[in-house]
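# Observations on the three-dimensional arrangement
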Amino acid sequence: MKVFSLNRRTGSRMALALLAFCSVVMARDLDQDEALRLRQQGVILPLEQLLKQALDRYPGAKLLEAELEEKHDVYIYEVELLTTEGVVRELDLDATTGQLLKDKED
């Protein structure tokens, strides 16, 4: 019985490690040159346009950080805002459509 428990625990740890590794591998930050190229090709929307959308969602909020990432072949602007209530919000916006994918307290 202990052997089964140990193997199950080890298997769970390996699964978690693999999941963490895949999450890191699946998401990558794009540099400014690549972002500019994608914008010029019309693949992604301008960051300014999507920042306005994010800031309109939280009037008076301050921009803390914005970055372009590629996750699972989808370009995503990850935007962090500080609301007027002092809450940090993390928004993920599809960079090709502008669709809000995630809005959570960070």
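Residues numbered from 1 in each chain as written. Predicted model: local features only at pLDDT ≥ 70, side-chain atom pairs only at ≥ 80, totals over all residues. Heavy atoms only, no water.

In the annotation of an unreviewed UniProt entry, the protein chain is listed under the name PepSY domain-containing protein and assigned to Pseudomonas wuhanensis.

### Notes on the sheet that holds strand β4 (residues 88-94)
Stated formally: Strands were regarded as paired on the criterion that DSSP finds at least two bridges between them. Strands are runs of DSSP state E lasting at least 2 residues, helices are runs of H or I lasting at least 4, and numbering of each runs from the N terminus. All axes are obtained by fitting lines to C-alpha atoms, using only the stretch in contact for helices, and the reported angles, taken between N-to-C directions, cover 0 to 180 degrees.
One open sheet accounts for five strands, arranged β1-β2-β3-β4-β5; its pairing is antiparallel. Lying at the two open borders of the sheet, with one neighbouring strand each, are β1 (27-29) and β5 (100-105). Going across the sheet, the axis of each strand differs from the next one's by a mean of 25°, ignoring polarity. As defined by bridge partners, strand β2 (residues 62-71) adjoins strand β3 (residues 74-82) across nine bridges and the pair is classed as antiparallel. By the bridge assignment, K71 is partnered in β3 with V74.

### As for the side chain of D92
Note the threshold: Here, residues are in contact when the closest pair of their heavy atoms is within 4.5 Å.
Along the polypeptide, D92 turns up in strand β4. If sequence neighbours within four positions are ignored, D92 has contacts with K71, I76, Y77, E78, Q99, L100, L101 and K102.

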